[in-house]
Amino acid sequence: MTQTIAEIKNPALSIRDLSIAYDKNYAVKNVTVDIKKNTVTAIMGPSGCGKSTLLRALNRMHELYENITTEGKVLLHEENIYDMSTIKLRRQMGMVFQRPNPFPTMSIFDNVIAGYKLNGNSLKKKEKDEIVERSLRDVALWDEVKDSLHKKGTFLSGGQQQRLCIARALAFGPEIILMDEPTSALDPIATSKVEDLLVKLKEHYTIILVTHNMSQAARISDYSLFMYLGELVEYGKTKNMFTNPKDPRTEQYLTGKFG
Amino acid sequence: MNALQATTYQDKSSGRIWKDKFIQGLVIFLSVVTISPIALIIYKLFVEGYKQISLGFIIENTPDTFAAMTAVANDERIPGGIANGLVGTLLMIVLASAIAIPVGVLTGIYLYENQGKMMANLIRNISDILQGVPSIVLGLISYLWIVKHVTMGFSALAGSVSLAIMMLPMIVRSTEETLKMIPITLKEAALALGAPYYKVILKVLIPTGYSGLLTGILLGISRILGETAPLMLTALGSSTINLDVTKPTSAVPLLIWEFYNDPNMIGLIWSSSLLLMAFVLTLNIVSKQFAAKRR
């Protein structure tokens, strides 16, 4: 039951027979799926099901670990990301992590344009100002920080820091934003702000979100992937999956029998 | 029965109280024993040395024996100072740092990036062994390498090389330990922005661990500041200010040794030592401040 893809026309990303193993233990097995443009796609599943590994494989961050083997393809604009340079790939795929991680030595302003700085792209002051303002407005942080742009990003609250990290990922103008449980370290109010933001952001970006929180997936995602023991068990519209899961394992997970 | 138990209990407890007091007293006594040498050293240096300290002591070269002898005979302040030693020490520390910091920091980064690998473990162990090599042996090595083959004579460069080797293990260790304390998520964040590896190190890891690196470097400098043995075999000494790295150069600890061997200049030992001690203490305190700031 791994072939649960609906072939989507003009997908944002096509994952084909992707398998990833650490030391020959498969964490992701033969996943094939198309991700639709301008949607929020949630990857769900119990701990250790390979959802984070799958997400990290999409911008090749999983290669930071040792002894990893990757089989299969991930196509972005019909180009296999494993043949691209990671620098080019990661410019098109922003990533937001579990815990807010602004660079502690940089100001809010510099954090937003960190992507340009770290890649050695020199910008004119006007361009920088524009990018910073646009990105911070996109994450609804501009009004809160516009008077303290040159203070350190680490002085912000956790929720603000996480939105700053999203702004940092947006500044480059990526097509896809990968999020690894972006609200798991935040309080409920900050979480709802980030969730509202994700729903707004999908107008311009495709969002792939790993989440532990089923109600979060139900609230904000359009499509859901359910993974179990490295396999893709079910993929479909979130509404359909939550009301009428096709696979018994999905049903058991959603009703809280395991996970 | 109960009464008996109670008395035995009381007896034990009075024994414990006595033991407790004894241990407490012992701990305080031993603490005083530990810090008293440093207090006595500073006291002695200050009492004996402060008479000589003046502007002249810092900006003038060492006097010759005759001038010193005359001054001692007339019960005057010994003329001259240790400017040649101060300049030489500074020159060699700058040169040693210029050699040891890049090599040490890069090695530290290598060890951090290759945790658990055989090559990294080997380098870490060798670096630890290097820390235990007697400084006179490093002086001999530098004598063989630099004095005999590069500068063809005693030189500041040879002194700097032996000091750089002494600093190296401290910088390697502190770099690795500092980097280990930086959350991995920061490195991931930078890599996820598509930053090339060297930029991640230069623009994220090193700035974030800056104060830790600086602490290691300052402690390294304060360690080599007072080194005498390797300099005897390499820099030799000089009675004038020398800025040529291929020529023999003086250093404060070398001067102290020379003063000790010259009965007329023995009065200068204390003031030179006081100055050296002041530098080392200042560096130690400054580096402790940096370390505290990091937490």
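Quantities reported herein were computed from a predicted structural model and do not represent experimental measurements. (Residues numbered from 1 in each chain as written. Chains lettered and ligands numbered in written order. Predicted model: local features only at pLDDT ≥ 70, side-chain atom pairs only at ≥ 80, totals over all residues. Heavy atoms only, no water.)

(A) Geometry of the overall build of chain A. For chain A, the helix and strand inventory stands at 11 helices and 10 strands. Computed over its C-alpha atoms, the radius of gyration of chain A comes to 18 Å, within 12% of the 18 Å expected for a compact globule of 259 residues. Counting the 259 residues in chain A, one finds 54% classified as buried. Residue pairs at least 24 apart in sequence account for 68% of intrachain contacts in chain A once pairs closer than 6 positions are excluded. By element, 48% of the accessible surface of chain A is carried by carbon and sulfur atoms, the whole surface being about 11700 Å². Averaging the coordinates of the 35 positive side-chain charges in chain A and doing the same for the 31 negative ones gives two points 3 Å apart. (Helix = DSSP H or I, 4+ residues; strand = E, 2+ residues; numbered from the N terminus. Rg over C-alpha atoms; globule rule 2.2 N^0.38 Å. Buried < 20%, exposed > 50% of the residue type's maximum accessible area, 1.4 Å probe, protein only. Contact = heavy atoms within 4.5 Å. Areas by Shrake-Rupley, 256 points an atom, 1.4 Å probe, with all protein chains shown as cover. Lys, Arg positive; Asp, Glu negative; His and termini not counted. Charge placed at Lys NZ, Arg CZ, Asp CG, Glu CD.)

(B) Here's a closer look at the overall build of chain B. Regarding its fold elements, chain B presents 13 helices and zero strands. For 295 residues, the compact-globule estimate of 2.2 N^0.38 gives 19 Å, and chain B exceeds it by more than 25% at 26 Å. Each principal axis of the C-alpha distribution contributes one length, and for chain B these read about 90 × 65 × 35 Å. Counting across all 295 residues of chain B, residues that qualify as buried make up 42%. Of all intrachain contacts in chain B linking residues separated by at least 6 positions in sequence, the fraction that spans at least 24 positions is 73%.

(C) Structural view of the interface of chain B and chain A. The partner chain A presents 25 residues to the 17 residues of chain B that form the contact. In this assembly, chain B packs against chain A so that about 1700 Å² is buried in total across both faces, 67% of it on carbon and sulfur atoms. When the area that chain B buries against chain A is broken down by residue, the three leading residues are B:Glu188, B:Ala192 and B:Leu193, summing to 35%. Along the contact surface separating chain B from chain A lie one salt bridge. Connecting chain B to chain A are four residue pairs in polar contact (both at pLDDT 80 or more). Those elements giving two or more residues to the side of chain B that touches chain A turn out to be helix H8 (184-192) and helix H9 (197-208) of chain B. (Buried area = accessible area lost by both parts, 1.4 Å probe. Salt bridge = Lys/Arg side-chain N within 4 Å of Asp/Glu carboxyl O. Polar contact = N/O pair within 3.5 Å; in protein donor to acceptor, adjacent residues only side chain to side chain.)

(D) Up close: the UniProt feature "transmembrane region" (unreviewed entry) in chain B. Residues and elements named next belong to chain B. UniProt marks residues 22-46, 90-113, 125-146, 152-172, 204-225 and 265-286 with the feature "transmembrane region" (unreviewed entry), using the numbering shown here. Between the C-alpha atoms that bound residues 152-172 there is a distance of 31 Å. The span itself is 81% helix and 0% strand. Strand forms 0% of residues 204-225 and helix 95%; the C-alpha atoms that close the span are 31 Å apart. (UniProt positions renumbered as here; feature names shortened; annotations may be inferred.)

(E) Representation of empty space enclosed by the protein within the structure. Within the structure shown, the criterion is met by four cavities of 30 Å³ or more. Volume-wise, the largest cavity comes out at about 50 Å³. In terms of lining residues, the largest cavity is bounded by A:Gly94, A:Met95, A:Cys165, A:Arg168, A:Ala169, B:Ala189, B:Ala192 and B:Leu193. Where the lining of the largest cavity is concerned, the elements lending two or more residues are strand E6 (93-96) and helix H7 (158-170) of chain A together with H8 of chain B. Its residues placed into classes, the lining of the largest cavity shows six nonpolar, one polar and one charged. Taken as a whole, the second largest cavity holds about 40 Å³ of empty space. Lining the second largest cavity are B:Thr89, B:Met92, B:Ile93, B:Leu163, B:Ile224, B:Leu225, B:Glu227, B:Leu231, B:Ala251 and B:Pro253. The element contributing the most residues to the lining of the second largest cavity is helix H4 (residues 83-113) of chain B, with three residues. (1 Å grid on protein atoms, 1.4 Å probe; cavity = no way out; pocket = protein on both sides within 12 Å on 5 of 7 lines; lining within 4 Å. Points joined across faces, edges and corners; volume = space filled by probe spheres on them. Nonpolar A, V, L, I, M, F, W, Y, C, P; charged D, E, K, R; others polar.)

(F) Structural view of the side chain of A:Thr206. Residues and elements named next belong to chain A. Here threonine 206 lies in strand E8 (residues 206-210). On the accessibility criterion, threonine 206 (3% relative accessible area) is buried. There is a polar contact of 3.1 Å between the side chain of threonine 206 and the backbone nitrogen of asparagine 38.

(G) Spotlight on the side chain of A:Thr211. All names here are of chain A. Secondary-structure assignment places threonine 211 in the loop between E8 and helix H9 (214-220). Residue threonine 211 is classed as buried on the basis of its relative accessible area of 2%. Apart from residues no more than four positions distant in its own chain, threonine 211 is found in contact with Ala42, Ile43, Met44, Lys51, Glu181, Gln216 and Ala217.

(H) A look at the UniProt feature "domain: ABC transmembrane type-1" (unreviewed entry) in chain B. Within the UniProt annotation, "domain: ABC transmembrane type-1" (unreviewed entry) is assigned to residues 86-287 of chain B. Helix makes up 77% of residues 86-287 of chain B and strand 0%. Its end C-alpha atoms lie 21 Å apart.

(I) The arrangement of the UniProt feature "domain: ABC transporter" (unreviewed entry) in chain A in detail. The UniProt feature table records "domain: ABC transporter" (unreviewed entry) at residues 13-254 of chain A. Taken end to end, residues 13-254 of chain A is 37% helix and 26% strand, and its two terminal C-alpha atoms sit 26 Å from one another.

(J) Broad picture of the layout of surface pockets. Space inside the largest pocket adds up to approximately 500 Å³. Lining the largest pocket are 24 residues; nearest its centre among them are A:Leu64, A:Tyr65, B:Glu113, B:Ile184 and B:Lys187. For the lining of the largest pocket, the per-class residue count stands at 13 nonpolar, three polar and eight charged. When its volume is computed, the second largest pocket comes out at roughly 420 Å³. Lining the second largest pocket are 17 residues; nearest its centre among them are A:Pro104, A:Thr105, A:Thr154, B:Leu186 and B:Thr208.

(K) Representation of the confidence of the model for chain B. Of all residues in chain B, 95% have pLDDT values of 70 or greater, and the mean over the chain is 90. Listed scores for the predicted complex are pTM 0.81 and ipTM 0.88. (pLDDT = per-residue confidence, 0-100.)

(L) Here's a closer look at the packing of H4(B) against helix H7 (residues 156-181) of chain B. Residues and elements named next belong to chain B. The contact between H4 and H7 brings their axes to 6 Å, and the two run at 35 degrees. Between H4 and H7 lies a crossing whose hand is right-handed. Among the residues forming the contact of H4 with H7, the class breakdown is 22 nonpolar, seven polar and two charged. (Axes fitted to C-alpha atoms, helices over the stretch in contact; angles between N-to-C directions. Left-handed = near helix turned anticlockwise from the far one by under 90°.)

(M) Broad picture of the pairing of E6(A). Residue and element names in this part refer to chain A. Residues Met93 and Met95 point to one face of E6 and Gly94 and Val96 to the other, with burial holding for every one of them. Looking at chain direction, E6 and strand E7 (residues 176-180) are connected through four bridges and run parallel. Bridge pairing in E7 links valine 96 to methionine 179. (Pairing = 2+ DSSP bridges.)

(N) Region of interest: helix H10 (residues 210-225) of chain B. In this model H10(B) runs 22 Å from its N-terminal to its C-terminal C-alpha over 16 residues, within 8% of the 22 Å that 1.5 Å per residue would give. A large share of H10(B) lies buried, amounting to 12 of its 16 residues. (Expected span 1.5 Å × (residues − 1).)

(O) Expanded view of the pairing of E7(A). Residue and element names in this part refer to chain A. For E7, the buried fraction is high: five of the five residues fall into the buried class. Relative to E8, E7 runs parallel, the two being bridged by five bridges. Looking across to E8, one finds that isoleucine 177 is bridged to isoleucine 207. For the handedness criterion, the β-α-β arrangement of E7, helix H8 (residues 188-201) and E8 is classed as right-handed. (Right-handed = clockwise from strand over helix to strand, strands pointing away.)

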